[in-house]
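Fold and geometry: a report
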Amino acid sequence: MRVLVCSMLLLIAAVGCGDDDGVDCSDLVPTPGGLVPSACVHEVPDNATVEEESDGTRVVRSADGKVRRYPPCPCGPRDSSLP
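These lines cover the structure that appears in this document, whether it is placed above or below. (Residues numbered from 1 in each chain as written. Predicted model: local features only at pLDDT ≥ 70, side-chain atom pairs only at ≥ 80, totals over all residues. Heavy atoms only, no water.)

Of regular secondary structure, the protein chain possesses zero helices and eight strands. Within the span of the protein chain, comprising 83 residues, buried residues form 30% of the whole. A fraction of 55% describes how many contacts in the protein chain between residues 6 or more apart in sequence connect residues 24 or more apart. Surface accessibility of the protein chain: about 5,300 Å² in total, with carbon and sulfur atoms responsible for 54%. (Helix = DSSP H or I, 4+ residues; strand = E, 2+ residues; numbered from the N terminus. Buried < 20%, exposed > 50% of the residue type's maximum accessible area, 1.4 Å probe, protein only. Contact = heavy atoms within 4.5 Å. Areas by Shrake-Rupley, 256 points an atom, 1.4 Å probe, with all protein chains shown as cover.)

What follows is the structure in structure tokens.
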């Protein structure tokens, strides 16, 4: 399990895009890692920790004690033909 401590605004971007479960995977947003489907990008508050579980689920623990769980990107593997 990996743990990150966030001291500034951070976006979680799952590596993925494709089409699954009716999610619009063509709505791409810019991230530091390149264009990623918006369904796979989540804002993380300052001073939060991010843990990645073995199944790819990310657990965000805010400094105020709130816990949010984000499953792996619903868009599937990244299409290498995308910019």
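A few words now on the pairing of strand E7 (residues 58–61). Two elements, strand E6 (residues 49–52) and E7, share four bridges in a ladder whose sense is antiparallel. Counted as the bridge partner of Val 50 is Val 60 from E7. Hairpin geometry of E6 and E7 is characterised by an intervening segment of five residues between the two adjacent antiparallel strands and by a positive phi of about 95 degrees at Gly 56. As judged from the four bridges shared by E7 and strand E8 (residues 67–70), these two strands associate in the antiparallel manner. Residue pairing across strands places Val 59 opposite Arg 69, the latter belonging to E8. Count of turn residues in the E7/E8 antiparallel hairpin: five residues, of which Gly 65 carries a positive phi of about 95 degrees. (Pairing = 2+ DSSP bridges.)

Take the pattern of salt bridges next. Using the criterion set out here, one finds three salt bridges in the structure. Measuring nitrogen to oxygen at the nearest pair gives 3.3 Å for the salt bridge that ties Arg 61 to Glu 51. Placement of Arg 61 in strand E7 and of Glu 51 in strand E6 is noted, with a sequence separation of ten residues between them. The exposure class of Arg 61 is partly exposed, given its relative accessible area of 35%. Glu 53 serves as the salt-bridge partner of Arg 69, at 2.9 Å between the closest nitrogen and oxygen. Of this pair, Arg 69 sits in strand E8 while Glu 53 sits in the loop between E6 and E7, and the two are 16 residues apart along the sequence. (Salt bridge = Lys/Arg side-chain N within 4 Å of Asp/Glu carboxyl O.)

What follows deals with unusual backbone geometry. One non-glycine residue, Asn 47, adopts positive backbone phi at about 60 degrees. Within the secondary structure, Asn 47 is located in the loop between strand E5 (41–44) and E6.

Further remarks concern the side chain of Glu 51. Taking relative accessible area as the criterion, Glu 51 reaches 14% and is therefore assigned buried. In terms of polar contacts, Glu 51 uses its side chain to reach the side chain of Arg 61, at 3.3 Å. (Polar contact = N/O pair within 3.5 Å; in protein donor to acceptor, adjacent residues only side chain to side chain.)

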